[in-house]
Amino acid sequence: MSNVTEFPKGGCVLAGINSVLGAINRVCPIYHSGPGCCMQTTASDAGQSGHKSSCFVSAVSIPSSNMLEKEVVFGGTNKLRTTIQGAIDIIDADAYFVLTGCTAGIIGDDIASVTNEFAEKGIEIYPIETPGFTGDSNLGYETVWNTFLDKVIEKDVPKDEKLVNIFGIIPYHDPFWSGTLEEIDRILSRLGLRVNTFFTKGQGIEDIKKSSAAALNIIVNPWLFKGPAAKYESKFGVPSLRIPGLFVGATDTSKFVRSVGEALHLDKDLVEKVIADEEKYVYNYLGQAIGVLSWKRFAVIADANNAVGFTRYLANDYSFTPVLVIVSEPIFRPEDKETIIKEISDLEYAKPPKILFLTDQYEINSAIREEEEEITLIVGSSNDREIALEKDSQFILGAFPMSERLIFNRTYAGYRGSLTFTEDIYDNN
Amino acid sequence: MPINLSNSNIATRENRIGSITGYVGTLKDLATQSECGTLKGCSRCFSQSSTCLSSCGLGQLSAIRDVAIIHHGPAGCSVAAAGAYYMSRVMPKKRGVTSSTIYVGTDMNENDTIFGSTNALRNVILEVNKRYSPKAIFVSSSCATGIIGEDIDSIVDEVRDEVGVPIVAVHCEGFKSRIWATGFDIADHAVLQEIVQPPREGVKTNKINFKNFFESARPEIIEMFKNFDLDPVFLYCNSTIEELSHISESLATTCICGTLGNYLGNALEEKYGVPYVRSINQCGIVGFETWLREIGRVTGRSEPIEKYIQEQRAIYLPQIEEIKNQLEGKTAVLGMGPGYTFEVSRVLNELGIKVVWALAWHYDKKYENGDVPPSMKYLLDNDIDFEASVADQQNFEVMNILHKYQPDMYLSRHPGSTVWAIKNGTPAIYVADEYMIFGYKHTLEFAKTILDAINNRSFEENLAKRSKLPYTDWWYQQNVDKFLEEIK
């Protein structure tokens, strides 16, 4: 419902869909929308998450029907038909996905029929009928996977007991997405697993089609992907393991490794050997820079996944004191909020911080401004830098939207990422 | 065309000044056809992404200090918030002033598109007014509100007395126009409607309105205008509502980009008699001199301006001449808004660089006063011709052209466009800063930048060797106008 959101973060459902498709190699989105939706959606997610944009097609190179008044009045299916034909002619892609903007959604253009005309000719093309106004980019991530589950992923693919699928990290939205997926891939590969990240290593539509062969879906997120996970299980028999928040640092990453080991009945000795090895690596470095960072009382303002990861690492692994955590993405289901609160509160060492769910920048700023306890470190997004300056607190730019850092493969996740996080706290990026 | 400030809706560039986005041919043909009125734009049966006029419209308004922008639309439309945040938090700091401008999205959802949300919008406006006490409020529509017919004009009228500050409806339905620059006109229209006041009696001033994007050369231009006893008022970046209310009193209006300033300049002239400086723009040598002389003529300051020109010529012309030798004969393709394309083409010509193809993102057949844009007229009068096309940023056409002509450089004012040229292995110069080619000094710097870009191609060549572009071989073999068709 219409409400007041100061400096809103992120994009609409279309932005989330575009982000995911952009991260899959040789996949081409086709917009059936107004002339601005492509640039708006690219700007809202990829444009604000560390300045990477899709290699294959992105922004100005994405086909779009650029609907104008004429199409609004008389319908835009003819324009869509010629746009699809043109896209097939000039873009050499493995698969095409037709997306709808608000305009096409409201006037009710039948994109499925038009798309089907091309599918019948043997073109790999699918419609995603979810106009922008139906939700935010998080929903877009789930929408794409629902489309894959309904139309793309193949049945009766022989099972591969060493294959796992990773979900919960949204590409071109989470600023650290590629580094995070690479770290997860690195760790799980050491356990002898083959990892579908879908968005790194040049993975493409074929990997998605065959993802039903996986022995396990690993969802690294406290709340996202519930619907698609259930569908994976019921339709393709792939069970899910939910890791209820990003793991940063040795404690949580080792816990993650053990849960994967148990779920897949992996050789315990191997699991423990990998853990011991990785932990030794991390603590060998931490041990070489003791006392370099001053002790902090901190606040985190981030999406749920990163908020859990950052808070737990700093409080549970690095002896900092958590004061306030603000989950700044929209979370609608009460049970999801409970999971997030539990993950942030359930700390072995520290007293749990205050936890708020706020998306409006005005309310976020007020909460930080009015916090009575001292805060000496804030981990947040570009929008939170100003309040950190006002509080005269150290600030780490670590969350979406992130417009002042270039992020290639950097991550704060996992074993190695926690070292980078610690470095950044010293460097004060 | 008369400016009608009694209606919050402004006609699009297509309807008002016959602007087009589809044409392939030559510069001469384009200009001749627009002069004799036979130019008809084409549409495309296939297109790639264009841009939303709301980014231009709200981008301009959110640069004004201490105002509130309310964008009534689904969450995705609110991406302009990122730019607005930068404009209101960073740009003022660069100049040492403050702004509390805020950008609010209304997060319209599916229910709102079915049942409407006028009541909710009313509450949003009142809440914003209470929370932030802005000096003015701009309430924008979006595609979704436009199609379901939300009457934002009536709501604005209803709350006008209660909010007690200027408030205006801004019509930013993205499907309205192919030409995102219509957004500049929409912003101007809103400012003219509610903010600009008639000149006060007896006020004497030496101010000149200078419409630009980011006032990045502010100190330098203030310094220059001091020589002529002129005081520039930069619009709208960091403008205050108070400043804007008095722009009707200025001696003249000028702008950095004809596309950006055309509507405001003409409206101020038509409504308040403030002369609008119509000349080629400040890019390059001839441009800079012509522009200064026109300001001199309009404001009665020709003498100090001639003196300034002679002094500056002595300093810079020999240096520019020297670098020209190294640029002679190089080839260029450029793709920019029409406010720059035909101006930069002229500068490249001055520097000895051969333009092989110029793309304009749109083309205004004539400006608000009925004239062919001055930059075009100059090229024609000087017998400069090259292949030209009009395309709303259509990347596949740009790539086709680059592939065929293999120019020494590609110049664009849009970063997304240079990305693909670089992947193609073409050295690309991102003419990002609006003052990058301003006057003698920056023309010299521009020439040096070009030289740097074409002399060291390590990144472009290494990247291109290892990148595969998404376009099919078939496409590279087609004519650029393959997908153009007559507008039905």
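The model shown is predicted, which means the values in this text are computed figures rather than measured ones.

About the thresholds
Residues numbered from 1 in each chain as written. Chains lettered and ligands numbered in written order. Predicted model: local features only at pLDDT ≥ 70, side-chain atom pairs only at ≥ 80, totals over all residues. Helix = DSSP H or I, 4+ residues; strand = E, 2+ residues; numbered from the N terminus. Rg over C-alpha atoms; globule rule 2.2 N^0.38 Å. Buried ≥ 20, exposed ≤ 12 C-beta atoms within 10 Å, placed from the backbone. Contact = placed C-beta atoms within 7 Å. Pairing = 2+ DSSP bridges. Axes fitted to C-alpha atoms, helices over the stretch in contact; angles between N-to-C directions. Domains from an automatic or database assignment. Nonpolar A, V, L, I, M, F, W, Y, C, P; charged D, E, K, R; others polar. pLDDT = per-residue confidence, 0-100. Right-handed = clockwise from strand over helix to strand, strands pointing away.

1. Re the overall build of chain A
Next up, step 1: Counting its secondary structure elements, chain A contains 17 helices and 13 strands.
Next up, step 2: Rg of the C-alpha trace for chain A: 22 Å, near the compact-globule value of 22 Å for 429 residues, within the 12% margin.
Next up, step 3: In terms of its C-alpha atoms, chain A occupies a principal-axis envelope of roughly 65 × 50 × 35 Å.
Next up, step 4: Evaluated residue by residue, chain A yields a buried proportion of 59% over its 429 residues.
Next up, step 5: Of the contacts made within chain A by residues no fewer than 6 positions apart, 74% connect residues no fewer than 24 positions apart.

2. Re the overall build of chain B
Next up, step 1: When its secondary structure is counted, chain B shows 22 helices and 15 strands.
Next up, step 2: Taken over the C-alpha trace, chain B has a radius of gyration of 23 Å; the compact-globule value for 488 residues is 23 Å, and the two agree within 12%.
Next up, step 3: On the principal axes, the C-alpha backbone points of chain B span a range of 65 × 60 × 45 Å.
Next up, step 4: Across chain B, the fraction of contacts at a sequence separation of at least 24, relative to all contacts at a separation of at least 6, is 75%.

3. What about the environment of A:S189?
Residues and elements named next belong to chain A.
Next up, step 1: Along the chain, the position of S189 falls in helix α8 (residues 177-190).
Next up, step 2: By C-beta crowding, S189 is classed as exposed, having 12 other C-beta atoms within 10 Å.
Next up, step 3: On a C-alpha basis, the gap between S189 and K162 in space is 9.7 Å, while along the polypeptide they are 27 residues apart.

4. Description of the sheet that holds strand β9 (residues 252-255) of chain B
Residue and element names in this part refer to chain B.
Next up, step 1: Pairing is parallel across the open sheet formed by three strands, whose spatial order is β8-β7-β9. Two strands close off the open sheet at either side, each with one partner strand: β8 (231-235) and β9. Taken over all neighbouring pairs, the strand axes of this sheet differ in orientation by 30° on average, direction set aside.
Next up, step 2: The strands touched by helix α13 (residues 258-272) are β7 (207-211) and β9; relative to β9, the strand with the most contacts, the crossing angle is about 170°.

5. So, the domain arrangement of chain A
Accessible area lost upon the coming together of the parts is a frequently used measure of interface size.
Residue and element names in this part refer to chain A.
Next up, step 1: When its domains are assigned, chain A resolves into domain 1 (13-152), domain 2 (160-285) and domain 3 (289-427).
Next up, step 2: A separation of 23 Å is found between the C-alpha centroids of domain 2 and domain 3.
Next up, step 3: Facing the 29 residues of domain 2 at the interface are 30 residues of domain 3.
Next up, step 4: Breaking the side of domain 2 that touches domain 3 down by element, the ones donating at least two residues are α8, α11 (250-263) and α12 (268-286).
Next up, step 5: Looking at which element gives the most residues to the side of domain 2 that touches domain 3, the answer is α8, with seven residues.
Next up, step 6: Tallied by class, residues from the side of domain 2 that touches domain 3 come to 14 nonpolar, ten polar and five charged.

6. So, the confidence of the model for chain B
Next up, step 1: For chain B, mean pLDDT is 93; residues scoring 70 or higher make up 99% of the total.
Next up, step 2: Interface scoring of the predicted complex returns ipTM 0.94; its pTM is 0.95.

7. Concerning the interface of chain B and chain A
Next up, step 1: With 60 residues of chain B in contact, the opposing surface of chain A contributes 57 residues.
Next up, step 2: Ranked by residue count, the leading element in the side of chain B that touches chain A is helix α7 (residues 118-132) of chain B, at six residues.
Next up, step 3: Among the residues making up the side of chain B that touches chain A, the classes are represented as 31 nonpolar, 21 polar and eight charged.
Next up, step 4: Relative to strand β4 (residues 102-105) of chain B, strand β1 (residues 5-6) of chain A runs antiparallel, the two being bridged by two bridges. Each bridged residue has a counterpart across the sheet, and for A:E6 the counterpart in β4(B) is B:V104.

8. Some points on the domain arrangement of chain B
Next up, step 1: With domains assigned, chain B is organised as domain 1 (51-177), domain 2 (207-302) and domain 3 (317-486).
Next up, step 2: Its C-alpha centre places domain 1 of chain B at a distance of 35 Å from the equivalent point of domain 3 of chain B.

9. Observations regarding unusual backbone geometry
Next up, step 1: A cis amide bond, omega -5°, links A:F400 with the succeeding residue A:P401.
Next up, step 2: As for its position among the elements, A:P401 is in the loop between β13 (394-397) and α17 (414-427).
Next up, step 3: In this structure, B:Y236 follows B:L235 across a cis peptide bond, with omega equal to -15°.
Next up, step 4: Within the element layout of this structure, B:Y236 appears in the loop between β8 and α12 (241-245).
Next up, step 5: Of note, A:F225 is a non-glycine position whose phi angle comes to about 75°, a positive value.
Next up, step 6: For B:D229, which is not a glycine, the phi torsion comes out positive at approximately 55°.

10. Observations concerning the pairing of β7(B)
Residue and element names in this part refer to chain B.
Next up, step 1: With respect to burial, β7 is a largely interior element, four of its five residues being buried.
Next up, step 2: The β-α-β motif built from β7, the intervening helix α11 (residues 218-226) and the parallel element β8 has right-handed crossover chirality.
Next up, step 3: Pairing geometry for β7 and β9, over four bridges, is parallel. Looking at β9, one finds that I208 is bridged to A252.

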